[in-house]
Amino acid sequence: MKRITLFAGHYGSGKTSIAVSYAKYLKKNGKDVKIIDLDIVNPYFRTKDSEADLKECGIELISSEYANTNLDAPALPKEIYSAICNKDFYLVIDVGGDDRGAVALGRYAPDISNEDYEMLFVANCYRPLTKTAEDAFEIMKEIEIASKLPFTAIVNNSNIGDATATQDIINSVEYIKDLSKISGLPIKMTTSVKETDVENNFIIELQSKYYAV
């Protein structure tokens, strides 16, 4: 676990859900953790929506005071700089979607690059604009240019919402392996909804057929 973990990807890739879940995972494992909502482009779902849930878990959320209001102002709180440099806790950062959303990250890139961090590209092969590994790689490079930070690993978050079945995730493995090969980045994790049969059957099948999870 790096002290700072950033999640970025294409709009609708599920990066916000993963960021929130990862923050909870760190907390569950005894880490003091804060999460930054760096999404300032009025997305469909943002970390701010989980504020009450995060607070109940003892996780502080740092976000724009205009988040979830009728005022779409690109304002970011001053606490972000201190949170990046403060080594007393772990930090999860939810980056805006695509290159446009990642622009805000650029101003913090010099500070983050000097810290113990990893930047994860969240990929979903079932989204219209990232159906191929080549398409996903193009978005990855655009985000890197906009954010001024390189990705360090990949998260396979391929899903089709509530309709996701074990086989859908298994079918995404070759896609994510191709993306790993093209980008030269390792696969950090493959995600699934806990309530499906994936937890019991999918991991065993992946370990025997593809790679260890």
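Residues numbered from 1 in each chain as written. Predicted model: local features only at pLDDT ≥ 70, side-chain atom pairs only at ≥ 80, totals over all residues. Heavy atoms only, no water.

1. Notes on helix 1 (residues 15-28)
- Counted at 1.5 Å a residue, the expected span for helix 1 with its 14 residues is 20 Å, and the 20 Å between its end C-alpha atoms agrees.
- Restricting attention to buried positions, one finds in helix 1 the residues K15, T16, I18, A19, V20, Y22, A23 and L26.
- Lining the buried residues of helix 1 we find strand 1 (4-9), strand 2 (33-38), helix 2 (51-56), strand 4 (90-95), strand 5 (117-123) and strand 7 (187-190).
- One or two positions beyond helix 1, positive phi appears at G30, with a value near 85°. (Helix = DSSP H or I, 4+ residues; strand = E, 2+ residues; numbered from the N terminus. Expected span 1.5 Å × (residues − 1). Buried < 20%, exposed > 50% of the residue type's maximum accessible area, 1.4 Å probe, protein only. Contact = heavy atoms within 4.5 Å.)

2. Quick look at the pattern of salt bridges
- Using the criterion set out here, one finds eleven salt bridges in the structure.
- One salt bridge connects K87 with E115, and the closest N-O pair in it is separated by 3.2 Å. Here K87, found in the loop between helix 3 (79-85) and strand 4, pairs with E115, found in the loop between helix 5 (109-113) and strand 5; they are 28 residues apart in sequence, far enough to count as distant.
- On the basis of relative accessibility, which here comes to 58%, the residue K87 falls in the exposed class.
- Put simply, K141 and E144 hold a salt bridge, and the shortest N to O gap is 2.7 Å. Of this pair, K141 and E144 both sit in helix 6 (residues 133-147), three residues apart, which is roughly one turn of the helix. (Salt bridge = Lys/Arg side-chain N within 4 Å of Asp/Glu carboxyl O.)

3. Looking at the sheet that holds strand 4
- As summarised here, the arrangement of the seven strands in space is 3-2-4-1-5-6-7, forming an open sheet in which the pairing is parallel. With partners counted over all chains shown, the strands left at the sheet margins are strand 3 (60-62) and strand 7, one partner each. Neighbouring strand axes in the sheet, compared pairwise and without regard to direction, differ in orientation by 20° on average.
- Sheet topology places strand 2 next to strand 4; six bridges connect them, and they run parallel. Across the sheet, D37 pairs through a bridge with D94, a residue of strand 4.
- On top of the sheet, helix 6 reaches strand 1, strand 5 and strand 6 (153-156); it is set at about 145° to strand 5, its chief contact. (Pairing = 2+ DSSP bridges. Axes fitted to C-alpha atoms, helices over the stretch in contact; angles between N-to-C directions.)

4. Some details on the side chain of S13
- Within the secondary structure, S13 sits in the loop between strand 1 and helix 1.
- A distance of 2.9 Å separates a polar atom in the side chain of S13 from the backbone oxygen of H10. (Polar contact = N/O pair within 3.5 Å; in protein donor to acceptor, adjacent residues only side chain to side chain.)

5. Thoughts on the pairing of strand 6
- With burial as the criterion, each face of strand 6 is covered, one bearing A153 and V155 and the other bearing I154 and N156.
- Bridge count between strand 5 and strand 6: four bridges; the pairing is parallel. Bridging across to strand 6, F121 finds its partner in I154.
- In this fold, strand 5 hands off to helix 6, which returns the chain to strand 6; that crossover is right-handed. (Right-handed = clockwise from strand over helix to strand, strands pointing away.)

6. Remarks on the nonpolar core
- In this structure, L6, L38, I93, I112, M119, F121 and L179 are the most contacted members of the largest nonpolar core, which totals 39 residues.
- Elements represented by at least two residues in this core include exactly strand 1, strand 2, helix 3, strand 4, helix 5, strand 5, helix 6 and helix 8 (173-183).
- When residues of this core are assigned to their parent elements, the largest contribution, seven residues, is made by helix 6.
- Not counting residues up to four positions away in its chain, the partners in contact with F121 are A8, G9, A136, I139, M140, I143, F151, A153, I154, V155 and L179.
- Core analysis: the next-biggest nonpolar cluster, separate from the first, contains 17 residues, I18, V20, L26 and V155 among them. (Core = buried A, V, L, I, M, F, W, Y, C linked by side-chain atoms within 4.5 Å.)

7. Regarding the packing of helix 6 against helix 8
- Where helix 6 meets helix 8, the closest approach of the two axes is 9 Å, and the angle between their N-to-C directions is 50°. One finds that helix 6 runs oblique with respect to helix 8. In this structure, helix 6 crosses over helix 8, and the sense of that crossing is right-handed. In this structure, helix 6 uses A133, E134, A136, F137 and M140 to contact helix 8, whose residues at the interface are Y175, D178, L179, I182 and S183.
- Grouping the constituent residues of the contact of helix 6 with helix 8 by class yields seven nonpolar, one polar and two charged. (Parallel < 35°, antiparallel > 145°, perpendicular 65-115°, else oblique. Left-handed = near helix turned anticlockwise from the far one by under 90°. Nonpolar A, V, L, I, M, F, W, Y, C, P; charged D, E, K, R; others polar.)

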